[in-house]
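The chain contents come next:
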Amino acid sequence: MEAIPKEEYRSGLVALVGRPNAGKSTLLNNLVGQKIAAVSDKPQTTRFRIQGVITKPNGQIVLVDTPGVHKPGYEMNRRMMATVQDALLGVDLVCLIRDASDSTGNGDRFVLELVQRSKKPAILLLNKTDKLKDKSTLLPLIDWYRNEYEWREIIPISALHPKSTDALPDEMIKHLPAGDPLFEEDELTDQSMRTLAAEIVREKILQQTKDEIPYVTAVVTEKWEETREDFTRIHCAIFVERPSQKKIVIGKGAARLKEIGTRARHDIEHLLGHRCHLELFVKVEKEWRDREHLLDDMGIRN
Ligand SMILES: Nc1nc2c(ncn2[C@@H]2O[C@H](COP(=O)(O)OP(=O)(O)OP(=O)(O)O)[C@@H](O)[C@H]2O)c(=O)[nH]1
Ligand SMILES: [Mg+2]
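Values in this document were obtained by computation on a predicted structure and should not be read as measured data. (Residues numbered from 1 in each chain as written. Chains lettered and ligands numbered in written order. Predicted model: local features only at pLDDT ≥ 70, side-chain atom pairs only at ≥ 80, totals over all residues. Heavy atoms only, no water.)

Draft legend 1. Quick peek at the nonpolar core. Within the largest apolar cluster, 91 residues are counted, with the highest numbers of intra-cluster contacts made by Leu27, Leu63, Leu125, Trp151, Met172, Val201 and Ile238. Apart from residues lying up to four places away in sequence, Val201 is in contact with Val219, Cys236, Ile238, Ile260, Ala264, Leu278 and Leu280. (Core = buried A, V, L, I, M, F, W, Y, C linked by side-chain atoms within 4.5 Å. Buried < 20%, exposed > 50% of the residue type's maximum accessible area, 1.4 Å probe, protein only. Contact = heavy atoms within 4.5 Å.)

Draft legend 2. Local environment of the site of ligand 1. Not every one of the 23 residues close to ligand 1 is listed here, only the nearest: Lys24, Thr26, Gln44, Thr45 and Asp130. Separating an oxygen atom of ligand 1 from a side-chain N or O atom of Ser25 is a distance of 2.9 Å. Isolated, ligand 1 exposes 660 Å² of accessible area, and the fraction of that covered by the protein chains is 90%. Among the elements that line the shell around ligand 1, the one with the most residues is helix H1 (residues 24-32), at 3 residues. Considering only residue class, the shell around ligand 1 consists of 6 nonpolar, 11 polar and 6 charged. (Near = heavy atom within 4 Å. Polar contact = N/O pair within 3.5 Å; in protein donor to acceptor, adjacent residues only side chain to side chain. Areas by Shrake-Rupley, 256 points an atom, 1.4 Å probe, with all protein chains shown as cover. Helix = DSSP H or I, 4+ residues; strand = E, 2+ residues; numbered from the N terminus. Nonpolar A, V, L, I, M, F, W, Y, C, P; charged D, E, K, R; others polar.)

Draft legend 3. Here's a closer look at the pairing of strand S3 (residues 59-65). The element S3 is extensively covered by neighbouring structure, given that 7 of its 7 residues are classed as buried. Across 7 bridges, strand S2 (residues 50-56) lies against S3 in antiparallel orientation. Among the inter-strand pairings, Lys56 is bridged to a residue of S3, identified as Gly59. Here S2 hands over to S3 after 2 residues, the two strands then running antiparallel side by side. (Pairing = 2+ DSSP bridges.)

Draft legend 4. Region of the structure containing the coordination of the magnesium ion (ligand 2). Here the magnesium ion (ligand 2) is held by the protein donor atoms Ser25 (OG) and Thr46 (OG1), which lie 2.0 to 2.1 Å from it. Of this pair, Ser25 sits in helix H1 while Thr46 sits in the loop between H1 and S2; the two residues are 21 residues apart in sequence, bridging distant segments of the chain. Like Ser25, the residue Thr46 is buried in the burial classification. (Donors = N, O, S within 2.8 Å, 3.2 Å for Na, K, Ca; no water.)

Draft legend 5. Structural detail: the sheet that holds S2. Spatially, S2-S3-S1-S4-S5-S6 is the arrangement adopted by the 6 strands of the open sheet, whose pairing is mixed. At either end of the open sheet lies a strand with only one pairing partner, and these are S2 and strand S6 (153-156). Strand after strand, the sheet turns through a mean of 20° between neighbouring axes, direction not considered. The strands touched by helix H2 (residues 75-90) within the sheet are strand S1 (10-18), S3 and strand S4 (93-99), with S1 carrying the most contacts at an inclination of about 150°. (Axes fitted to C-alpha atoms, helices over the stretch in contact; angles between N-to-C directions.)

Draft legend 6. Spotlight on the sheet that holds strand S9 (residues 275-284). Strand order in the open sheet formed by 3 strands is S7-S8-S9, and the pairing between neighbours is mixed. Of all the strands in the sheet, the pair left with one neighbour each is strand S7 (218-228) and S9. Neighbour-to-neighbour, the strand axes of this sheet turn through a mean angle of 15°, independent of strand direction. By the bridge criterion, 10 bridges tie strand S8 (residues 231-240) to S9 in an arrangement that is parallel. Residue Arg233 lies in a different strand from S9, and its bridge partner there is His277.

All we've got here are geometric facts, nothing functional implied.
See the structure below:
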């Protein structure tokens, strides 16, 4: 990689905003090259802002993943939406991610309004193009968005396929201000390993359960012991709201919890680069989504 003159180096924060399930976290993981954000086919997977760092010879992008935009019901959801507003204020560039395989709804108009009101330089990413049988359906969508905002770029992508996103970092860097890197070259995220581990466990729960469970589960890493340089003991608490939900998470003969644990351990070991022991406890905590101190503990900031 060729070094470029210092005054040409660019860096800054880039927010990923969009409706739930648009593919924001998938794109973050794909561009960073590590799983740092939970991904699932259930809406409202992401609950707090997660930064992912992409360092290139010509610049550094700090991607800010945010919760999908939705109508808040609980205190948790109010905090999630405040996170989106905050992220929009503090970044140099906004990427609106839209699921291009889905028809336009009120939610899409609402996200667009957020970007319009932010008045920030913005890129429109039309995602999930792999799902489109006929790519020409993108044209009316592009026309509609083009009339609504002065996009710096409009780029069709498939966040699942790294090939289609190869050029994205350079497109983003073009629109960032000149400046020094904000993170060290080997840093990938602002999140601690404890938080990443809890998020991985939560992702596996979302992937292994359906209906109400995704919305009523939270995971907190309660113990983290590096017993050896190459071995870590991790205890995570899984919160649900009712005893019946605890039963569902545990499953018959504890089979579901075992499966969640095995899958989570596999991903955590990949991230740590060494083996770990993962213990999971399920706790019933009534109405945790409205309890301020629990939300603070879970990193769902006010
Ligand atoms: N076919 C296809 N599926 C995708 C693509 N990008 C994301 N997905 C899927 O869409 C679902 C939602 O992805 P996420 O990355 O969790 O979406 P998100 O926008 O972060 O969602 P929230 O955190 O809930 O706001 C997952 O099942 C992904 O595998 C894509 O390019 N093509
Ligand atoms: Mg997400």
